[in-house]
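These are the residues of each chain, in order.
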Amino acid sequence: MTFLLHPALRCPIEAAPFKLDGPSLICSHGHRFDIARQGYVNFLGPNDKRSRDPGDSKKMVSARAAFLGANFYRPLADACLDITRKYCSQIARDAITLMDAGCGDGYFIHHVQENLSNDLRKRMSLVGFDISKWAMQKSARRCKATWFVGSNRNIPMIDKSVDLLFDMFGFPDYASFSKLLAPHGRLVRVTPGNSHLIQLRQIIYSKIKDKSERKPYPETLRAVSEKHITYEVVLRSKDIHNLLLMTPHMFRSTSEHRQRALNQDQLTVTIDVMLEELIPTAAR
Ligand SMILES: [Zn+2]
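Below is a summary of the structure that appears in this document. Fair warning: this is a prediction, and the values are worked out from it, not measured in the lab.

1. Some words on the coordination of the zinc ion
Any two of four tetrahedral donors ideally make an angle of 109.5 degrees at the metal, while pairs among six octahedral donors ideally make 90 or 180 degrees.
Now for step 1: Ligation of the zinc ion by protein atoms is provided by C11 (SG), C27 (SG) and H31 (ND1), these donors lying 2.1 to 2.3 Å from the ion.
Now for step 2: Mapped onto the sequence, the donors of the zinc ion take the spacing C-x15-C-x3-H. Highlighted residues: C11 in the segment before β1 (18-21) and H31 in the loop between β2 (24-27) and β3 (32-34), separated in sequence by 20 residues.

Written out as structure tokens, the structure is:
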């Protein structure tokens with residue numbers, strides 16, 4: 001697989017431009033990064049890693065791919081697609097960069113790419129990264145985009161180079177997102193609402209905690225739209241298994257409680273998310 005070199009990609013060490021050199025990327029200062037056989041580059045240095053294998057494990061990534069592959073989040077992917085189409089229709093420029101920060105197994109990018117018209121697809125550069133190399137191995141096999149292993153804290157792209165920035169259930173870094181967004185750019189966030197997976201949480205916990213207040217956004221970003229997406233899906237036992245595996249931080253519980261959830265043959269759960277669009281504020 002070849003690596004798709006986005007023109008705004010910069011060396012994470014000192015922001016020099018890259019060129020392709022056989023099986024690696026080399027920056028103008030001579031730093032070299034190998035291109036993995038699946039077609040992504042790993043930009044995480046030893047100092048960026050808090051563990052030897054950061055981010056989602058191979059098992060978690062497989063569970064996520066299986067869960068998303070069953071299309072339980074398809075309406076969310078469609079909402080991303082709608083936003084992308086609308087954005088493209090409002091922007092006259094030929095080249096538009098869409099980035100998914102913390103893209104996991106690449107499900108959302110793939111959905112957007114597959115469903116855009118040919119004309120839009122030609123205008124669009126897709127970029128996805130995740131801190132998990134296992135996630136990147138899956139993503140890079142899915143479709144053609146600029147894929148790399150990296151973290152929100154240090155996204156190796158030129159300032160103001162991203163038009164559409166997706167943060168799907170991620171851990172946002174607003175300072176770096178604000179720098180990255182083009183002046184006319186959009187940050188699109190999908191976050192769980194109060195009733196998200198509530199039926200499953202009721203089985204797992206004896207008491208459901210009230211969601212704490214949402215933190216306000218920094219002054220560099222302003223929400224321009226906000227909508228709730230709510231629907232129900234029917235999960236089978238294997239789907240519940242995948243869901244528990246892919247979001248362990250969400251379901252910290254005893255093994256007895258988890259088993260109670262896994263024993264359900266079938267469970268109807270609410271998907272309840274908030275979809276927000278934010279723009280960079282003028283004063284920057
Ligand atoms: Zn360099």
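Once the structure has been displayed, the description carries forward.
2. Quick notes on the pattern of salt bridges
Any two side chains of opposite charge can pair, so long as their charged atoms come close to each other.
Now for step 1: Following the criterion strictly, the structure yields nine salt bridges and no others.
Now for step 2: Here D163 ties to R93 by a salt bridge, and the two come within 2.4 Å at their closest N and O atoms. Of this pair, D163 sits in strand β8 (residues 162-168) while R93 is found in the loop between α2 (74-90) and β5 (96-101), placing the two residues 70 residues apart along the sequence.

3. Considerations on the packing of helix α8 (residues 237-246) against helix α9 (residues 255-262)
Now for step 1: At their nearest, the axes of α8 and α9 sit 9 Å apart, and the two run at 145° to each other. Listed contacts from α9 to S237, I240, H241 and L244 of α8 are R258, A261 and L262.
Now for step 2: A breakdown of the residues in the contact of α8 with α9 according to their chemical character gives four nonpolar, two polar and one charged.

4. Topic: the sheet that holds β3
Now for step 1: Here three strands make up an open sheet; going across it, the order is β1-β2-β3 and the pairing antiparallel. This sheet does not close on itself; its edge strands, each paired only once, are β1 and β3. For this sheet, the mean inter-axis angle between neighbouring strands, taken without regard to orientation, is 25°.
Now for step 2: Sheet topology note: the β1/β2 ladder contains four bridges and is antiparallel. By the bridge assignment, L20 is partnered in β2 with L25.

5. Observations concerning the packing of α2 against helix α3 (residues 107-115)
Now for step 1: For the pair α2 and α3, interaxial distance at closest approach is 9 Å and the crossing angle is 55°. By the angle class used here, α2 and α3 are oblique. For the pair α2 and α3, the sense of crossing is right-handed. Within the contact between the two elements, α2 uses R74, L76, A77, D78, C80, L81, T84 and R85 and α3 uses Y107, F108, H111, V112 and N115.
Now for step 2: Residues belonging to the contact of α2 with α3 are distributed by class as follows: seven nonpolar, three polar and three charged.

6. Looking at the nonpolar core
Across soluble globular proteins, you tend to see nonpolar side chains buried next to one another.
Now for step 1: Counting 57 residues, the largest nonpolar core has F67, Y73, L76, F108, W147, L200 and L235 as the members making the most contacts within it.
Now for step 2: The element best represented in this core is α2, accounting for eight residues.
Now for step 3: Not counting residues up to four positions away in its chain, the partners in contact with F67 are F72, Y73, L235, D239, N242, L243 and M246.
Now for step 4: Grouped together as the second largest cluster of nonpolar side chains are 27 residues, C11, L25, F148 and L187 included.

The rules behind these values
Here, residues in each chain are numbered from 1, in the same order as that chain's written sequence. For a predicted model such as this one, the threshold for reporting local features is a pLDDT of at least 70, and the threshold for listing and counting side-chain atom pairs is 80 or more; totals across whole chains, interfaces and linings nevertheless cover every residue. Working from all heavy atoms in the structure, the side-chain values ignore hydrogens and water. Sites may look incomplete, because water is not among the atoms used; the donor set itself consists of N, O and S atoms within 2.8 Å of the metal (3.2 Å for Na, K and Ca). Secondary structure follows DSSP: runs of H or I at least 4 residues long count as helices, runs of E at least 2 residues long count as strands, and numbering of each begins at the N terminus. In the sections that follow, a salt bridge refers to a side-chain nitrogen of Lys or Arg positioned within 4 Å of a carboxyl oxygen of Asp or Glu. Whenever a helix is involved, its axis is fitted only over the stretch in contact; in every case the axis is a line through C-alpha atoms, and angles between N-to-C directions fall within 0 to 180 degrees. When checking whether two residues touch, look at their non-hydrogen atoms; a contact exists if any pair is within 4.5 Å. Charged residues are taken to be Asp, Glu, Lys and Arg, nonpolar residues to be Ala, Val, Leu, Ile, Met, Phe, Trp, Tyr, Cys and Pro, and polar residues to be all remaining types, Gly included. Here the rule is simple: two strands pair whenever DSSP picks up at least two bridges between them. Convention used here: angles under 35 degrees read as roughly parallel, angles over 145 as roughly antiparallel, angles from 65 to 115 as roughly perpendicular, and any remaining angle as oblique. Handedness of each helix crossing follows the sense of rotation of the near helix against the far helix: counterclockwise by less than a right angle gives left-handed, clockwise gives right-handed. The set of buried Ala, Val, Leu, Ile, Met, Phe, Trp, Tyr and Cys residues whose side-chain atoms join them within 4.5 Å is what this entry labels a nonpolar core. The buried label applies to any residue whose accessible area, calculated with a 1.4 Å probe on protein chains only, is under 20% of its type's maximum; exposed applies above 50%, and partly exposed to all values in between.

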